[in-house]
Amino acid sequence: MLEREYRREMDAVVLTAEQKEKLVDMMTGTARAPRAIRAGRTVLVAAAVCAVLAASALAYVAGALDFLKGREEYQFLGQAALYEDCAQRVDLSATADNGDTLTIEYTAMDENFCTVFYTLETAEPMEVWSQREHLPISPDAPDLWQAMGLEPSFTLEADGVVLTGGQDGQQYLLDANTLVGMSRLPLNRAGALENGKTVTLRAEAPLGDWDGVSDREEAGQWSFTLTAEPMEAQTYTLSTPAALGERQVESLSVTVSPLGTVLRARVTVPEEYRAEPDLWGGLGWFVVRDEDGRYYPYDALTSALSEDGTAWEESYILYGLEDAETLELLTAELDGEFVTVGLEDLPWQGEGGYTFASFTVEEGQMTLRLEPDGVVGSTGYCGSVAYFLRREAGADELPQGFREDESGRLFYGDGAPDIYQNSYTDWRDGSVTVTWSLDEAAQAQAEELTGLELYVETYVPQEGTGVLLALTK
């Protein structure tokens, strides 16, 4: 059955001679193929091999968007269906002076973001993190860790003006010379992309040095001409400056668009802090709620000092906003405490705004799911696992070199197996999925897991300090 399924998948794929050669390399082990997604506690090796070969072959033909749809990590972001509907095929390729070819396959634009799906094919093999001289990681580290730093750096420009700042995304190596990925570029201001306007997408080569300095090779540079076709959005703006606690908000807006809702603010830096503006910052600790008392999680996108040094200009992505008529920003304090919870007690919510909804141990991975339900703020402070706890060990089970403070903790202390953590925020509602990779040694320890020591973080709104923004025209 597996053979028939594999042949049916492969019969549908038409490969060039170069693509066939790459696929043969992967089949013979000369290239590192992406891992198959694991399900449950059992891995069917034959099925996994067939899935990897079929997915990798299809990736060479169908491109980055189709490949990413098959990755669990991409699905955690919650926008796979949206991009499938709204991403526009562009198929633009350029080759840099060093022989590296970058292909922009799809773009998706609205008034807040430009998302790029791409394939990078390099003349020389790319160096995965486990092969780098500077602070190498384990060869068993997850694919996303291995490909960190290999993605191009993108900027979008129009009439010589840079429209974007920063990027986030995911990227995977199909083999030593082929990288596929997506990058989401936040726009510096709402409406910066005008429909029908010609814009330039520039890209710089992946990192070339791994000594902690983010130098990029000048030889690896690309430029693409695009026609902007942003999806429609709605922007709501604060009519006059206002006070958010001790902070003076010069301007505040919320732009609701298909690829994500963005709050933008400009906050005055007081005279006494202008010599060291970092000590003041922008909005500081705050929460966002609507007229019904529902709080919305958010993440910081950009934060930069204005050119004249008198204000911080910041942007945040708001999750789950729909049907609200008014938003209120309130200053807040952030408290935290350690709490021990048994796995059998999940789902569990303490004083924090996130519910620890579920925790699973599968073959090769542990997964924690957190869901917003209460007074929430930045997803970076939704709560975390401080320690993984094992069942109480008998005296005859204590390991050699046992120390009292290590008795109940897994993956802790000298000689503990490496586990690699990744965190993903669902762009639809702000729920958070955290995964930890497990090698063979870590898998054995994970089977002893019975509880979690959590660090629960709590936002405490300061009533009477808020700024109101009407979401009506």
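**Some remarks on the side chain of Ser183**
By the secondary structure assignment, Ser183 is in strand β7 (residues 178–186). A relative accessible area of 1% places Ser183 in the buried class. At 3.4 Å, the side chain of Ser183 and the side chain of Gln167 are in polar contact. Not counting residues within four places of it along the chain, the set of residues in contact with Ser183 comprises Cys114, Thr115, Val116, Tyr118, Phe154, Gln167, Asp168 and Gly169.

**Topic: the pattern of salt bridges**
Evaluated as defined, the whole model comprises 16 salt bridges. Across the pair Arg184 and Asp168 runs a salt bridge whose closest N-O atoms are separated by 2.8 Å. Remark: Asp168 occurs in strand β6 (residues 168–175) and Arg184 occurs in strand β7; sequence separation between them is 16 residues. Arg184 sits in the buried class, given a relative accessible area of 2%. Judged by its relative accessible area of 31%, Asp168 is partly exposed.

**Topic: the side chain of Thr355**
The topology assignment puts Thr355 in strand β18 (residues 354–362). Of the residues examined, Thr355 reaches a relative accessible area of 12% and is grouped as buried. Polar contacts involving the side chain of Thr355 include one to the side chain of Gln349, which spans 3.3 Å.

**Details of the sheet that holds strand β22 (residues 421–425)**
What the four strands build is an open sheet, ordered β18-β19-β23-β22; its pairing is antiparallel. Each of the sheet's edge strands pairs with one partner strand only, and the pair in question is β18 and β22. Across the sheet, the mean angle separating the axes of adjacent strands is 15 degrees when strand polarity is ignored. Of the pairings in the sheet, the one linking β18 to strand β19 (residues 365–372) comprises eight bridges and is antiparallel in character. In the sheet register, Glu362 faces β19, and the bridge partner there is Gln365.

**Some details on the sheet that holds strand β9 (residues 221–227)**
What holds strands together in a sheet is hydrogen bonding between their backbones, with the strands either parallel or antiparallel. As summarised here, the arrangement of the four strands in space is β5-β4-β8-β9, forming an open sheet in which the pairing is antiparallel. Only two strands of the sheet have a single neighbouring strand rather than two, namely β5 (161–162) and β9. Bridge count between strand β4 (residues 153–158) and strand β8 (residues 198–204): five bridges; the pairing is antiparallel. Counted as the bridge partner of Leu156 is Leu201 from β8.

**Side note on a negative patch on the surface**
A cluster of like negative charges, contributed by Glu291, Asp292, Glu322, Asp323 and Glu325, occupies part of the molecular surface. Relative to the elements of secondary structure, Glu325 occurs in the loop between β16 (311–318) and β17 (326–342).

**Looking at the nonpolar core**
In this structure, Leu252, Leu263, Leu283, Leu327, Phe359, Met366 and Phe388 are the most contacted members of the largest nonpolar core, which totals 55 residues. Sorting elements by how many residues they give to this core places β17 first, with six residues. Excluding anything up to four places from it in sequence, Leu283 contacts Leu244, Arg247, Val249, Leu263, Ala265, Val267, Glu314, Tyr316 and Leu329. Formed by 31 residues, the second largest nonpolar core is a distinct cluster that contains Ile104, Val116, Leu156 and Leu173.

**Structural notes on the packing of aromatic side chains**
Working definition: an aromatic ring pair is given by the centre-to-centre distance plus the angle between the planes. Scanning the entire structure with this criterion turns up 20 aromatic pairs. Ring plane angle 80 degrees and centroid distance 5.3 Å describe the contact between Tyr83 and Phe117, whose orientation is recorded as edge-to-face. In this pair, Tyr83 sits in helix α6 (residues 80–86) while Phe117 sits in strand β3 (residues 113–121), placing the two residues 34 residues apart along the sequence. Take Tyr83 and Phe117: they sit in the same class, and that class is buried. Seen from their ring centres, Phe359 and Phe388 are 6.3 Å apart, and the 55 degrees between their planes marks the pair as tilted. Taken together, the residues span a long stretch of sequence, with Phe359 in strand β18 and Phe388 in strand β20 (residues 384–390) at a distance of 29 residues.

**Looking at the environment of Pro206**
Note on placement: Pro206 falls in the loop between β8 and β9. In the structure, Pro206 is positioned 58 residues away from Met148 in sequence and 9.6 Å away in space, judged by C-alpha atoms.

**Examining the pairing of β3**
Burial of β3 is extensive: eight of the nine residues sit out of reach of the surface. Both strand β2 (residues 101–109) and β3 contribute to a ladder of eight bridges, which runs antiparallel. The partner of Ile104 across the bridge, within β3, is Tyr118. Taking the residues that link successive antiparallel strands as the turn, the β2-β3 hairpin has three residues. By the bridge criterion, nine bridges tie β3 to β7 in an arrangement that is antiparallel.

**Digging into unusual backbone geometry**
Leu346 connects to Pro347 through a cis peptide bond whose omega is 0 degrees. Inspection of the secondary structure assignment puts Pro347 in the loop between β17 and β18.

**A few points about the confidence of the model for the protein chain**
Model confidence for the protein chain is summarised by a mean pLDDT of 84, while 81% of its residues fall at 70 or above. Scored below 50 in pLDDT, residues 1–61 makes 85 contacts in the model with residues more than four places away or belonging to other chains. Counting contacts from residues 393–405, a segment whose pLDDT is below 50, to residues more than four positions away or on other chains yields five contacts.

**Overview of the environment of Tyr319**
Relative to the elements of secondary structure, Tyr319 occurs in the loop between β16 and β17. Of the residues examined, Tyr319 reaches a relative accessible area of 2% and is grouped as buried. Linking Tyr319 and Gly430, residues 111 residues apart in sequence, is a C-alpha distance of 5.1 Å. If near-sequence neighbours (up to four positions away) are discounted, Tyr319 is found in contact with Tyr296, Pro297, Tyr298, Asp299, Thr379, Thr425, Asp426, Trp427, Arg428, Asp429 and Gly430.

Reading the values: the criteria
- Residues numbered from 1 in each chain as written.
- Predicted model: local features only at pLDDT ≥ 70, side-chain atom pairs only at ≥ 80, totals over all residues.
- Heavy atoms only, no water.
- Helix = DSSP H or I, 4+ residues; strand = E, 2+ residues; numbered from the N terminus.
- Buried < 20%, exposed > 50% of the residue type's maximum accessible area, 1.4 Å probe, protein only.
- Polar contact = N/O pair within 3.5 Å; in protein donor to acceptor, adjacent residues only side chain to side chain.
- Contact = heavy atoms within 4.5 Å.
- Salt bridge = Lys/Arg side-chain N within 4 Å of Asp/Glu carboxyl O.
- Pairing = 2+ DSSP bridges.
- Axes fitted to C-alpha atoms, helices over the stretch in contact; angles between N-to-C directions.
- Patch = residues over 30% accessible without salt bridge, like charges linked within 9 Å, V, L, I, M, F, W, Y side chains within 5 Å.
- Areas by Shrake-Rupley, 256 points an atom, 1.4 Å probe, with all protein chains shown as cover.
- Lys, Arg positive; Asp, Glu negative; His and termini not counted.
- Charge placed at Lys NZ, Arg CZ, Asp CG, Glu CD.
- Core = buried A, V, L, I, M, F, W, Y, C linked by side-chain atoms within 4.5 Å.
- Phe/Tyr/Trp six-rings, centres within 6.5 Å; stacked < 30°, edge-to-face > 60°.
- pLDDT = per-residue confidence, 0-100.

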